[in-house]
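Listed below are the residues making up each chain.
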Amino acid sequence: MITTNIETVPGRTVLEHYGIVQGSTIRAKHIGRDLAAGLKNLVGGELRGYTELLQEARDEAFERMLEQARELGANAVVNVRFATSSVTSGASEILCYGTAVLVE
Amino acid sequence: MYPLLQLLIPLGLLVLGWSVGSLLEARHYRRIGQREAQHHHVPVTNERKLWNPEFVVAESRLVRGQVVISVDYFKRFLAALRALFGGEVHSYSSLLDRGRREALLRMREQFPQADIFINLRFETSTISSGQGRAIGTVEVLAYGTGVRYAESIRPPAVPDIPA
């Protein structure tokens, strides 16, 4: 599965469009990570626990989007976008969407 | 004794935040500088088209890099002071600068063979501690499309960006 965030796949011709595909996940952080982050907050710097959490969430959303594309018979997803929104306090939604296409 | 303690603890945290915080920041900047030097010959652009459309493309894929980064206690205190008077919050600009550069580097490290990265996008979101309170922590996501040419012809190198 090829993915890009431009309208085409460079060097390939798009044969067919299947429309929008998307994947999303809503994640909450757990207390252990919160405590470690609270301590790290004093001195600043990267909060690795949170980075991992959001990375996993984005991988999950991305994978769900690809799953949809596969079901449609696509072999590429173009114009992929990511969006993040906080649903409630302490939880956020990661959305990933794009257009499923068939390339040569 | 108790009121004295009440004063000493925040003061201690301020000193800790300032000393360890600036040490860590300097170290992070040094690492960012070294890694940027390794990658500077590969151009990154937010244009959607390839600079050399005549080159044969061997591979292209979506790449992304992300980081969650937070300011120290001292800078948070400075920002709170700044909120009283208004104006530019200098203590937070290094936070966002570090976050963006780190995320961009992680994105580039995902595809070391790439000859160019096009359509770069940044997305920034704040992390709250619950109850809707922002805690001076941001998440930065950088994503784009990495392209590798068939013959590894590198497009003309872009000028060096001083660290």
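Look up a bit, the structure's there.
The rules behind each value
Residue numbers run consecutively from 1 along every chain, following the written order of its sequence. Labels follow written order: the first chain is A, the first ligand is 1, and so on. Local features in a predicted model are, by the rule used here, given only for residues with pLDDT of at least 70; side-chain atom pairs are given and counted only at 80 or more, and totals for whole chains, interfaces and linings are based on all residues. Numbering of helices and strands runs from the N terminus; a helix is a DSSP stretch of H or I covering at least four residues, while a strand is a stretch of E covering at least two. With C-beta atoms placed from the backbone, the exposure class of a residue follows from how many other C-beta atoms lie within 10 Å of its own: 20 or more, buried; 12 or fewer, exposed; in between, partly exposed. Strands qualify as paired when DSSP identifies two bridges or more between them. Two residues form a contact once the distance between their C-beta atoms, set from the backbone, is within 7 Å. Note that Gly is not counted as nonpolar here; it falls among the polar residues with everything else outside the nonpolar set of Ala, Val, Leu, Ile, Met, Phe, Trp, Tyr, Cys and Pro and the charged set of Asp, Glu, Lys and Arg. Here the expected length of a helix is defined as 1.5 Å per residue gap, with one fewer gap than residues. Whenever a helix is involved, its axis is fitted only over the stretch in contact; in every case the axis is a line through C-alpha atoms, and angles between N-to-C directions fall within 0 to 180 degrees. By definition, turning the near helix anticlockwise from the far helix through less than a right angle yields a left-handed crossing, and turning it clockwise yields a right-handed one.

Brief notes about the overall build of chain B
Each helix and strand in chain B was counted, giving 3 helices and 3 strands. Each helix and strand of chain B, placed in order from N terminus to C terminus, yields the pattern α-β-α-α-β-β. When each of the 163 residues of chain B is scored for burial, the buried share is 29%.

A word on the sheet that holds strand β2 (residues 14–28) of chain A
Spatially, the 4 strands line up as an open sheet ordered β1-β4-β5-β2 (chain A), and their pairing is mixed. The sheet is open, and its two borders are formed by β1 (2–3) and β2 of chain A, each paired with just one other strand.

What to know about the interface of chain B and chain A
Each partner contributes to the interface: chain B provides 42 residues, whereas chain A provides 26 residues. Secondary-structure elements contributing two or more residues to the side of chain B that touches chain A are α1 (2–39), β1 (57–70), α2 (73–85), β2 (116–128) and β3 (134–149) of chain B. Top element by residues in the side of chain B that touches chain A is β1(B). It accounts for 9 residues. For the side of chain B that touches chain A, the class distribution of residues is 19 nonpolar, 15 polar and 8 charged. As defined by bridge partners, strand β3 (residues 45–46) of chain A adjoins β1(B) across 2 bridges and the pair is classed as antiparallel. By the bridge assignment, A:Glu46 is partnered in β1(B) with B:Ile69.

Digging into the environment of B:Glu102
Residue and element names in this part refer to chain B. With respect to the helices and strands, Glu 102 occurs in helix α3 (residues 90–109). For the pair formed by Glu 102 and Glu 36, sequence separation is 66 residues and the distance between their alpha carbons is 9.4 Å. Here Glu 102 is in contact with Ile 32, Val 67 and Ile 69, once residues within four sequence places are set aside.

Quick notes on helix α2 (residues 48–72) of chain A
All names here are of chain A. Counted at 1.5 Å a residue, the expected span for α2 with its 25 residues is 36 Å, and the 36 Å between its end C-alpha atoms agrees. Among the residues of α2, Tyr 50, Leu 53, Leu 54, Arg 58, Ala 61, Phe 62, Met 65, Leu 66 and Ala 69 are the ones counted as buried. Positive backbone phi, approximately 90 degrees, marks Gly 73, located one or two places after α2.

Structural notes on the packing of α1(B) against α3(B)
All names here are of chain B. Look at α1 against α3: their axes get within 10 Å of each other, and the N-to-C directions meet at 35 degrees. In the packing of α1 onto α3, the handedness of the crossing is left-handed. Each of Glu 25, His 28, Ile 32, Arg 35, Glu 36 and His 39 in α1 lies in contact with α3, whose residues at this interface are Ser 94, Arg 98, Arg 101, Glu 102, Leu 105 and Arg 108. Of the residues that constitute the contact of α1 with α3, the class distribution is 2 nonpolar, 3 polar and 7 charged.

What about the environment of B:Glu59?
All names here are of chain B. Note on placement: Glu 59 falls in strand β1. Of the residues examined, Glu 59 has 16 C-beta atoms within 10 Å and is grouped as partly exposed. Remark: the alpha-carbon pair of Glu 59 and Tyr 2, spanning 57 residues in sequence, is separated by 66 Å.

Some remarks on the pairing of strand β4 (residues 76–88) of chain A
Residues and elements named next belong to chain A. Note that β1 and β4 share 2 bridges and pair parallel. Across the sheet, Ile 2 pairs through a bridge with Ala 76, a residue of β4. The antiparallel pairing of β4 with strand β5 (residues 91–103) creates a hairpin that spans 2 residues between the two strands, and Gly 90 there sits at a positive phi of about 85 degrees.

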